[in-house]
Amino acid sequence: MVTTVGALAPTIRRATAAETDTVAAVLAEAFLYGDLGPWLVLNVDTRFKVYGPYFRLLTEGAQAAGWIDVTDDLAAVALWYPVGDRLDLDIANYDTRLAQACGQHLHRFVALDRVMHAYHPTGSPHHYLAHLGVHPDRQRQGLGSALLEHHHSRLDAEGVPAYLEATGNRNGALYRRHGYLPREAYRVPKGPALYPMWRRPHPAPTA
């Protein structure tokens, strides 16, 4: 499905497998100075080296088991997963490739994975927004909102809720504007807090 939100708005479409490297690169750039970055990998140059293969791994996983929405110029991307009664992201060779990507920082990425899985809601099928990133040169231009509106239109039509974890006030405010309601926050052991949010589908008004 391809959506153009408005005359000046970006065209949104599904990423192709051939665009995996580009999607991963956009995510690495977008999250380089994110809220979790200094805790995951303190040195920014090292973080950039880790984030390249790390987001390549996550992008491949979303291509195989989920859905990647992108703006047509690939400046902004969103990784979604359909989730049944419980989260089960079966990414091929994940543990081995995660260790290769993260090196001596592996323990923090594993701790983050574990706590996010432990707190992920169960018993209610939904779509999970694992990552939404906009290239730093294109931020604050409405691209993140366009990606959300595109996918939400599908979820609303199908009556499907959505879930995500915000990492701070800035992205939490964005998600609240798009109908997400906060749930009780939790903390990575000896690490940062995460802020889960849930969005109920918004059915179209009846005539």
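Up top is the structure.
Structural notes, computed from the coordinates. (Residues numbered from 1 in each chain as written. Predicted model: local features only at pLDDT ≥ 70, side-chain atom pairs only at ≥ 80, totals over all residues. Heavy atoms only, no water.)

### Re the nonpolar core
Item 1. Counting 42 residues, the largest nonpolar core has Tyr-51, Tyr-54 and Phe-109 as its most contacted members.
Item 2. Sort the elements by how many residues they give to this core and helix α3 (residues 44–65) lands first, with 7 residues.
Item 3. In this structure Phe-109 touches Leu-40, Val-41, Val-50, Tyr-51, Tyr-54, Leu-98 and Cys-102, once residues within four positions along its chain are discounted.
Item 4. Core analysis: the second largest hydrophobic core is formed by 22 residues, Ala-76, Leu-132, Leu-147 and Tyr-180 among them. (Core = buried A, V, L, I, M, F, W, Y, C linked by side-chain atoms within 4.5 Å. Buried < 20%, exposed > 50% of the residue type's maximum accessible area, 1.4 Å probe, protein only. Helix = DSSP H or I, 4+ residues; strand = E, 2+ residues; numbered from the N terminus. Contact = heavy atoms within 4.5 Å.)

### Some words on the pattern of salt bridges
Item 1. On inspection of all chains with the given rule, the structure shows 8 salt bridges.
Item 2. Residues Arg-56 and Glu-60 are paired through a salt bridge, measuring 2.1 Å at the closest nitrogen-oxygen approach. One end of the pair, Arg-56, and the other, Glu-60, are both in helix α3, 4 residues apart, so they sit about a helical turn from each other.
Item 3. Given the relative accessible area of 26%, Arg-56 is considered partly exposed.
Item 4. Across the pair Glu-60 and Arg-97 runs a salt bridge whose closest N-O atoms are separated by 2.5 Å. You can see Glu-60 sitting in helix α3 and its partner Arg-97 sitting in helix α4 (residues 94–102), a full 37 residues away along the chain.
Item 5. Through salt bridges with shared partners, a single network forms among Asp-21, Arg-56, Glu-60 and Arg-97. (Salt bridge = Lys/Arg side-chain N within 4 Å of Asp/Glu carboxyl O.)

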